[in-house]
Amino acid sequence: MLRFKNLGSGSTGNATVVEGRSDTQVRRLLIDCGFGIRQLQGRLAQAQLQIEDLDAVFITHEHSDHIGCAQTVAIRYRIPVWMSQGTHAALGQPDFGDMLRIAHDMTPIDLGTFEARPFTVPHDAREPLQLRCSDGAAHLGVLTDLGHASDHVLQQLQGCHALMIEANHDPAMLEASRYPLFLKRRVGGPFGHLANRVTADILRAVRHPGLQTIVAAHLSSKNNAPSIAREALAPALDWPVEAIHVACPTAGTPWLSVAAGPSPGYGLIAA
């Protein structure tokens, strides 16, 4: 069984727990660790977890809202932290003790009850990676922090039963914002962040009868809103707007199951 829970998503911090169960064995991966240690403990507690319940951490890229307290988690709790060589270099090659693990594009990470397969994405970072997690039957795609979907990205999202996908901004809101011109160009550029309409195009490209759950993530607090994101994404799947989950910066999402098979209810599957 595969399920996931976002702990918070946005410029103030990002973290998502993916959990795989097989008989009595449970393994948990924290994707990104973009909070201080006390805040991470509090958010995990809301998921009825402790840091000690994590088996590994995966860092997608070096930006501060994703790296957070990863070094403390690795050293204090003896939890392996995976990241690309480029991410580690961009961080200044910090010491993770013997807990650092180097991830590579398309090289699966075996977590026992499920595997996580990293894949490269176009983003303004040194060597950013996102993930596809699978227990062999159910497939979860995690895709945030990229400016556009390359053919490689789209290939990795095919056949997923659940997607947590960036819907960062509404282009009109971004253009009308008080952001300086260079920041508007960075956010809206090909190595920045996904606009709602681009995310909708990605969903059209990867939709299939087994796609059950969509979580819109990494929404800009100034240039987007949950209602706007839902209204942009739902038509791409012919789903009602209320079927699109939105990851809250402070509360994340509930636990959501990832199940193989045809969609029984427009993405409203809570674990």
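Criteria and cut-off values
- Residues numbered from 1 in each chain as written.
- Predicted model: local features only at pLDDT ≥ 70, side-chain atom pairs only at ≥ 80, totals over all residues.
- Heavy atoms only, no water.
- Core = buried A, V, L, I, M, F, W, Y, C linked by side-chain atoms within 4.5 Å.
- Buried < 20%, exposed > 50% of the residue type's maximum accessible area, 1.4 Å probe, protein only.
- Helix = DSSP H or I, 4+ residues; strand = E, 2+ residues; numbered from the N terminus.
- Contact = heavy atoms within 4.5 Å.
- Phe/Tyr/Trp six-rings, centres within 6.5 Å; stacked < 30°, edge-to-face > 60°.
- Lys NZ or Arg CZ within 6 Å of the ring centre and 35° of its normal.
- Pairing = 2+ DSSP bridges.
- Axes fitted to C-alpha atoms, helices over the stretch in contact; angles between N-to-C directions.
- Polar contact = N/O pair within 3.5 Å; in protein donor to acceptor, adjacent residues only side chain to side chain.

Caption draft 1: Just the nonpolar core, in detail. Residues Leu 143, Leu 157, Leu 163, Leu 203, Ile 214 and Ile 244 are the most contacted members of the largest nonpolar core, which totals 29 residues. For this core, the element with the highest residue contribution is helix H9 (residues 226-237), accounting for five residues. Ignoring any residue separated from it by four or fewer positions in sequence, one finds Ile 244 in contact with Ile 214, Ala 216, Arg 230, Leu 233, Ala 234, Leu 237 and Trp 239. In terms of nonpolar packing, the next biggest core, distinct from the first, is built from 26 residues, Leu 7, Leu 49, Cys 69 and Ala 74 among them.

Caption draft 2: Region of the structure containing the packing of aromatic side chains. Enumeration according to the criterion identifies zero aromatic pairs in this entry. One cation-aromatic arrangement involves Arg 3 over Trp 255; the distance from NZ or CZ to the ring centre is 3.8 Å.

Caption draft 3: Spotlight on the sheet that holds strand E1 (residues 2-8). Pairing within the open sheet is mixed, and its seven strands lie in the order E6-E5-E4-E3-E2-E1-E14. Edge strands, defined here as strands with exactly one partner in the open sheet, are strand E6 (100-103) and strand E14 (256-258). When the angles between neighbouring strand axes are averaged without regard to direction, this sheet yields 25°. Here six bridges tie E1 to strand E2 (residues 15-22), and the two strands are oriented antiparallel to one another. Each bridged residue has a counterpart across the sheet, and for Lys 5 the counterpart in E2 is Val 17. With respect to the sheet, helix H1 (residues 37-46) is in contact with E1, E2 and strand E3 (25-31), its orientation differing from that of E1 by roughly 135°.

Caption draft 4: Just unusual backbone geometry, in detail. A positive phi angle is found at Asp 23, which is not glycine, with a value near 55°. On the secondary structure map, Asp 23 appears in the loop between E2 and E3. Unlike most non-glycine residues, Asp 32 shows phi in positive territory, near 70°. Along the polypeptide, Asp 32 turns up in the loop between E3 and H1.

Caption draft 5: Region of the structure containing the sheet that holds strand E12 (residues 213-217). The seven strands are arranged E7-E8-E9-E10-E11-E12-E13 in an open sheet whose pairing can be described as mixed. The outermost strands of the open sheet, each flanked by one partner alone, are strand E7 (109-110) and strand E13 (244-246). Note that E12 and E13 share three bridges and pair parallel. Paired with Ala 216 across the bridge in E13 is Val 246. Sitting on the sheet, helix H8 (residues 196-206) is in contact with strand E11 (162-166) and E12, with an inclination near 155° to E11. Contacts between H9 and the sheet are confined to E12 and E13, with E13 contributing the most and set at about 150° to the helix.

Caption draft 6: View of the environment of His 66. Within the secondary structure, His 66 sits in helix H2 (residues 64-67). Classification of His 66 as buried rests on a relative accessible area of 0%. With 32 residues separating them in the primary sequence, His 66 and Gly 34 have C-alpha atoms 4.0 Å apart. Ignoring sequence-local partners within four residues, the contact set of His 66 consists of Asn 14, Asp 32, Cys 33, Gly 34, Ile 59, Thr 60, His 61, Thr 144, Asp 145 and His 218.

Caption draft 7: Local environment of the side chain of Arg 3. The residue Arg 3 is located in strand E1 in this model. Among the polar contacts listed, one links the side chain of Arg 3 to the side chain of Glu 19, at a separation of 2.7 Å.

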